[in-house]
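Chain by chain, the residues run as shown.
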Amino acid sequence: MTGQWKGTRDVLVGIDPEREWHLPLAWAADEAHLRHLQVRLVLAVPFQHDTHHVDDTPRQTALRRAGAERLDQARDWVRDRHPELAVTTDLRAGSPTEVIAESAGNVRMVVLGSRHLGRIAEVLSAGSLVVPVTAQAPCPVVVVGDAPHTTQQPPYVVAGVDGSAASVTALQYALDMADLHGAAVRAISVWQPPVFLLHDEEVALQAQRALLAEATAGMPEKYPDVRLTHEVPVGHPVEELARAAEHALAVVVGRRGRGGYTGMRLGSTVHGLLHHAHCPVITVPER
């Protein structure tokens, strides 16, 4: 496995006290079991009135008690699924986004559920974690929004490649994952026709194919057991990647840099996939 995110041996799972948590937790538990890692369940109880001062009112006490009960339920559920898996729980006070983002600094990956909110709702929702955590986390972030549709055999992982260093890192991550799962990798570099095409379309497609070939150079030798295919579809990157990943184990894309202090800067392809892909979306930060 790529040893870029050593940190602890934890797969961190953000538990939403009010929403369905079984899908992301099942994905995280299965992946931790396969990778011989452990699971850390984190649940944040927000401060009242959006302040950073502990408000020890009966309501706050009740919220903490309910949060602790939810963590216990999730821990027991994981242990029933994988009895040998080490599971820890962490009940924290504070903004869920800040708690998860801070906790992500020393883990192998973060796994979150998705409510499939629209873009505006996702950004403005007080309880939204997906966009800011994906933008800020220094490790891979996995967003699990739907039950698996992995009906295609053999299974496969989609890697979005655009020639950037971040996308090459994402491709390596996808190959590592496929190697573990006995899956293939579809490396996809989408060509989106510009409004004004200065060159012949075939010339542009050849350049895109060359870009993809360069990004994947040496990968078949490094991963001899993984079938790696190259695809250069024409269209919008989000639509083409989401279509290709409809029955995938996951779609993996790179993320350049870190979000600003608001943590909301994400590339349009990453942002679009978070809302449109029907498989786990894994964003891998540039190294």
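For the structure given in this document, a descriptive report is provided here.

Definitions and cut-offs
Residues numbered from 1 in each chain as written. Predicted model: local features only at pLDDT ≥ 70, side-chain atom pairs only at ≥ 80, totals over all residues. Heavy atoms only, no water. Axes fitted to C-alpha atoms, helices over the stretch in contact; angles between N-to-C directions. Helix = DSSP H or I, 4+ residues; strand = E, 2+ residues; numbered from the N terminus. Parallel < 35°, antiparallel > 145°, perpendicular 65-115°, else oblique. Contact = heavy atoms within 4.5 Å. Nonpolar A, V, L, I, M, F, W, Y, C, P; charged D, E, K, R; others polar. Polar contact = N/O pair within 3.5 Å; in protein donor to acceptor, adjacent residues only side chain to side chain. Core = buried A, V, L, I, M, F, W, Y, C linked by side-chain atoms within 4.5 Å. Buried < 20%, exposed > 50% of the residue type's maximum accessible area, 1.4 Å probe, protein only.

1. A closer look at the packing of helix α1 (residues 22-35) against helix α6 (residues 165-181)
Alright, step 1. The N-to-C vectors of α1 and α6 enclose an angle of 80°; their axes lie 11 Å apart at closest approach. What the angle tells us is that α1 and α6 run roughly perpendicular. Where α1 abuts α6, its residues Trp27, Glu31, Leu34 and Arg35 lie against Tyr173, Met177, Leu180 and His181.
Alright, step 2. Split by residue class, the contact of α1 with α6 holds five nonpolar, one polar and two charged.

2. Quick notes on the side chain of Glu240
Alright, step 1. The topology assignment puts Glu240 in helix α9 (residues 237-244).
Alright, step 2. There is a polar contact of 2.8 Å between the side chain of Glu240 and the side chain of Arg243.
Alright, step 3. Leave out the neighbours within four places in its chain, and Glu240 touches Val190, Pro233, Val234 and Gly235.

3. Things to note about the nonpolar core
Alright, step 1. Counting 47 residues, the largest nonpolar core has Leu41, Val111, Val185 and Ile282 as the members making the most contacts within it.
Alright, step 2. Per element, the largest residue contribution to this core is seven residues, and it comes from α6.
Alright, step 3. Core analysis: the next-biggest nonpolar cluster, separate from the first, contains 34 residues, Val133, Ile188, Leu241 and Val251 among them.

4. Looking at unusual backbone geometry
Alright, step 1. Notably, His36 is not glycine yet its phi reads approximately 60°, a positive angle.
Alright, step 2. By the secondary structure assignment, His36 is in the loop between α1 and β2 (38-45).

Function cannot be read off these values alone, since they describe shape.
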